[in-house]
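Report on the structure
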Amino acid sequence: MPDRDESINAVLRYYDRTESRLGYLYLLRGTKHFGWYEAEDARWRLSPAMRRMEHQLGRRLGLETGSRVLDAGCGMGEVARTMAVHFGLDVTGIDILDFNLDEARRRSEKAGLTERTRFVECDYHDLTRFEDEEFDGAYTMETFVHTADPERVLAEFHRVLRPGGRLVMFEYSRTPEARLTPAARAAFDAVCELGAMPAWHRLNHGDLEDLLESASFKVESVDDVTARMLPMLRMFALLGRVPYALARLLGKTEKAVNAMSGVEMWKHQEAWHYNIYTATKKA
Ligand SMILES: C[S@@+](CC[C@H](N)C(=O)[O-])C[C@H]1O[C@@H](n2cnc3c(N)ncnc32)[C@H](O)[C@@H]1O
């Protein structure tokens, strides 16, 4: 596992790349998470699916109106705004990308949500700017794989949550290396390396549950919802096929990381799951 500064720099580099900036902005309109699809949904209807995934979060948090919530790795704040508008929550979003935070603030201002959403530059490994027990809830939406120090992040979430506070995480787990074919292993390693996701290497299925219990959380539920997000991944795989093939031909795979991830994650579905973890801070 790389050290923390090195891994933070890798995350910054990954999101600052042209492919990441353009892809997230124009394809996903600034949101950076998978959607929740019902059987009848068309895969290209991305925004409704992403909003449905966010509603899964709000329901699982299950907090009263006005509850204070930490959005760790908030991106451009779409999730935070859904939590504020549809669930009445008071959200503090943190991220390490200043251009995400600027856009998050701009969008919240435009939506008249500056009182209920605020965005702060902060690394979730170090939440010292927040008080002990400051929040009623916390969540991560597809960011925990970026950490180089999962135990430290969970300890910080635990400290800033009140006893009984809720933690909901939308995160990936992996199939143990020994059970993968060499091709799946190579693809998985490339996705983790180029996508700046060191924690995913060590998060085998079941491991995050153990880490949460060790950090004094009670795990309430773990739902494998991979089937719900696969239609969106299928679309990424189709869109990524040509750019990835070209990049490989030119020996420049590092220029097409998202295209590669879409194609390889689709191809090697046996290598990973997408899960929703719901936990409560023990009193
Ligand atoms: C896949 S994006 C998800 C963004 C947002 N949750 C969403 O769903 O649109 C992951 C986000 O986590 C942020 N991130 C990664 N490491 C972080 C860290 N150590 N502290 C805070 N944010 C971090 C990234 O900058 C990025 O915005």
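Everything discussed here concerns the structure shown above.
Everything in this summary refers to the structure shown in the same document.

Some remarks on the overall build of the protein
- Along the protein, the regular secondary structure elements total 11 helices and 7 strands.
- Along the first, second and third principal axes, the C-alpha atoms of the protein reach 50 × 40 × 40 Å.
- The 283 residues of the protein split such that 54% are buried.
- For the protein, the proportion of contacts with a sequence separation of at least 24, taken over those separated by at least 6, is 77%.
- Just so you have it, the protein exposes about 12,700 Å², and 51% of that area is on carbon and sulfur atoms.
- Charge separation in the protein, taken as the distance between the mean sites of 39 positive and 45 negative side-chain charges, equals 6 Å.

Focus: the site of the ligand
- In the vicinity of the ligand there are 22 residues, among which Lys32, Gly73, Asp95, Asp123 and Thr143 approach most closely.
- Backbone polar atom of glycine 73 to a nitrogen atom of the ligand: 2.7 Å apart, as the coordinates give it.
- Bound to the protein, the ligand loses 98% of the 590 Å² it would expose on its own.
- Looking at the shell around the ligand, the element that brings in the most residues is helix H1 (residues 4-16), giving 3 residues.

Examining the layout of surface pockets
- Estimates place the volume of the second largest pocket at around 340 Å³.
- Around the second largest pocket sit 17 residues that line it, and Ala10, Cys192, Glu193, Leu194 and Ala196 are the ones nearest its centre.
- Elements that contribute at least two residues to the lining of the second largest pocket include exactly H1, helix H7 (182-194) and helix H8 (198-202).
- For the lining of the second largest pocket, the element with the most residues is H1, which contributes 5 residues.
- Within the lining of the second largest pocket, the residues separate by chemical class into 9 nonpolar, 2 polar and 6 charged.

Structural notes on the packing of aromatic side chains
- Overall, the coordinates contain 9 aromatic pairs when judged by the stated rule.
- Considering the side-chain rings of tyrosine 172 and tyrosine 274, the 5.4 Å spacing of their centres and the 80° angle between planes classify their relative orientation as edge-to-face. Taken as a pair, tyrosine 172 in strand E5 (residues 161-174) and tyrosine 274 in strand E7 (residues 272-281) lie far apart in primary sequence, 102 residues in all. With respect to burial, tyrosine 172 and tyrosine 274 carry one shared label: buried.
- Between phenylalanine 188 and tryptophan 200, the ring centres sit 4.8 Å apart and the planes meet at 65°, which makes this aromatic pair edge-to-face. One end of the pair, phenylalanine 188, is in helix H7; the other, tryptophan 200, is in helix H8, and 12 residues separate them in sequence. In this pair, the class of phenylalanine 188 matches that of tryptophan 200, namely buried.
- Three or more aromatic residues joined by ring pairs form one cluster here, namely Phe34, Tyr172, Phe188, Trp200, Phe236, Trp272 and Tyr274.

Some words on the sheet that holds strand E3 (residues 117-121)
- Pairing within the open sheet is mixed, and its 7 strands lie in the order E3-E2-E1-E4-E5-E7-E6. Strand pairing shows two members of the sheet lacking a second neighbour, E3 and strand E6 (217-224), which therefore form its edges. Geometrically, the sheet is characterised by an average inter-axis angle of 20° between neighbouring strands, direction not taken into account.
- Inspection of the sheet shows strand E1 (residues 68-72) paired to strand E2 (residues 90-95) by 5 bridges, in the parallel sense. What sits directly across from alanine 72, in E2, is isoleucine 94.
- Seen against the sheet, helix H9 (residues 207-214) touches E5, E6 and E7 and runs at an angle of roughly 165° to E6.

Thoughts on the environment of tryptophan 36
- You can see tryptophan 36 is positioned in the loop between helix H2 (18-27) and helix H3 (46-61).
- Residues tryptophan 36 and histidine 86 lie 50 residues apart in sequence; the distance between their C-alpha atoms is 17 Å.
- Reaching out from tryptophan 36, the side chain makes a polar contact with the side chain of glutamate 38 at a distance of 3.0 Å.

Considerations on the side chain of aspartate 136
- The residue aspartate 136 is located in strand E4 (residues 135-141) in this model.
- Taking relative accessible area as the criterion, aspartate 136 reaches 10% and is therefore assigned buried.
- A polar contact is formed between the side chain of aspartate 136 and the side chain of arginine 162, at a distance of 2.9 Å.

A short note on the pattern of salt bridges
- As enumerated under the stated definition, the model contains 17 salt bridges in all.
- The shortest N-O distance in the salt bridge between glutamate 220 and lysine 218 comes to 3.9 Å.
- Residue classification places lysine 218 among the partly exposed residues on the basis of a relative accessible area of 44%.
- When salt bridges that share partners are traced, they join Glu78, Arg81, Glu103, Arg106 and Arg107 into one network.

Definitions and limits used
- Residues numbered from 1 in each chain as written.
- Predicted model: local features only at pLDDT ≥ 70, side-chain atom pairs only at ≥ 80, totals over all residues.
- Heavy atoms only, no water.
- Helix = DSSP H or I, 4+ residues; strand = E, 2+ residues; numbered from the N terminus.
- Buried < 20%, exposed > 50% of the residue type's maximum accessible area, 1.4 Å probe, protein only.
- Contact = heavy atoms within 4.5 Å.
- Areas by Shrake-Rupley, 256 points an atom, 1.4 Å probe, with all protein chains shown as cover.
- Lys, Arg positive; Asp, Glu negative; His and termini not counted.
- Charge placed at Lys NZ, Arg CZ, Asp CG, Glu CD.
- Near = heavy atom within 4 Å.
- Polar contact = N/O pair within 3.5 Å; in protein donor to acceptor, adjacent residues only side chain to side chain.
- 1 Å grid on protein atoms, 1.4 Å probe; cavity = no way out; pocket = protein on both sides within 12 Å on 5 of 7 lines; lining within 4 Å.
- Points joined across faces, edges and corners; volume = space filled by probe spheres on them.
- Nonpolar A, V, L, I, M, F, W, Y, C, P; charged D, E, K, R; others polar.
- Phe/Tyr/Trp six-rings, centres within 6.5 Å; stacked < 30°, edge-to-face > 60°.
- Pairing = 2+ DSSP bridges.
- Axes fitted to C-alpha atoms, helices over the stretch in contact; angles between N-to-C directions.
- Salt bridge = Lys/Arg side-chain N within 4 Å of Asp/Glu carboxyl O.

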